[in-house]
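A look at the structure
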Amino acid sequence: RFRNSSNIGLVCGAASGKPACLDFDAAELWQPFLDTLESVSQDLHGRLTVWQKTPSGGYHLLYRVSGEVGGSEDLAKTATGEVAIETRGAGGQFIIAPSRAVRGHGKDTDAKPHPDPLHGDLAHLPTITVAERDLLHRIAKSFDETGHQKQGQEHQHQGGTRASGATGDRPGDRFNQETDWNELLVCYGWHFL
């Protein structure tokens, strides 16, 4: 049994068998993220069964990566620049239940029990591939509000844009470099706003 402010931290990366975590500081994005994941990959959604609610009200989604875990990074921020979703990767760690979250200092210290037990089995974290990890990260990045504002500004002054980020010579890269998405989608009945 843990007393006072004793905590357990799970170290991420190769040092501990390649666990990693998606940390949802913005709790309101948890369900939309899961819904999006399910619509994109029901298989991956069904395998990600280990998670916990955090003392601050957010969520941790835990998994193991079969390849390189990658480092910790901010994936999505709110319009005001606060971190909404981030990773805990190689070199990172996070507190897991049955830890007690400690807030404040000195006589104002408030040790609250972890609000929820860990859902799933930490000894049997689901293992995902690097490609599946990247998919999780891309979905999380789609919730970034700061990127949406920049993208909207690009569309306003150009009236359309070519796909960005394509630098290779694969057929899909060339398609992305040469395609104006506004023109393409208008042919199929879409309207640019």
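For the structure, see preceding data.
Presented here is a report on the structure given in the accompanying data block. Residues take numbers from 1 onward in each chain, read along the sequence in its written order. Only residues with pLDDT of at least 70 get local features here, since the model is predicted, and only at 80 or more are side-chain atom pairs given and counted; chain-wide, interface and lining totals rely on the full set of residues. The side-chain numbers reported here are obtained from all heavy atoms of the structure, hydrogens and water having been left aside.

Some remarks on unusual backbone geometry
Of note, the phi angle at Lys18 is positive, near 70°, even though the residue is not glycine. Where helices and strands are cited, they refer to DSSP runs of H or I of at least four residues and of E of at least two residues respectively, numbered from the N terminus. By the secondary structure assignment, Lys18 is in the loop between strand E1 (8–11) and strand E2 (19–24).

Focus on the packing of aromatic side chains
Only centres within 6.5 Å qualify two rings of Phe, Tyr or Trp (six-membered ring in Trp) as a pair; their planes then separate them into stacked at under 30 degrees, edge-to-face at over 60, and tilted for everything else. What the rule picks out here adds up to five aromatic pairs. A centroid spacing of 5.0 Å and a plane angle of 65° characterise the contact between Phe24 and Phe33, whose relative ring orientation is edge-to-face. Per-residue accessibility, obtained with a 1.4 Å probe over protein chains only, is compared with the maximum for each type, and a residue is labelled buried under 20%, exposed over 50%, and partly exposed between these values. A relative accessible area of 0% means that Phe33 is categorised as buried. Plain terms: the ring middles of Trp30 and Tyr59 are 4.5 Å apart, the flat faces sit at 10° to each other, and that makes the pair stacked.

Quick word on the pairing of E2
Most of E2 sits inside the fold, with six of its six residues counted as buried. Residues Pro19, Cys21 and Asp23 of E2 are buried on one face, and the alternating residues Ala20, Leu22 and Phe24, pointing to the opposite face, are buried as well. Strand pairing is defined by DSSP finding a minimum of two bridges between the two strands. Note: E2 against strand E4 (residues 59–65), six bridges, orientation antiparallel. Paired with Asp23 across the strands is His60, a residue of E4. Taken together, the four bridges between E2 and strand E6 (residues 83–88) define a ladder with antiparallel strand orientation. Each residue of the ladder has a partner; that of Asp23, found in E6, is Glu86.

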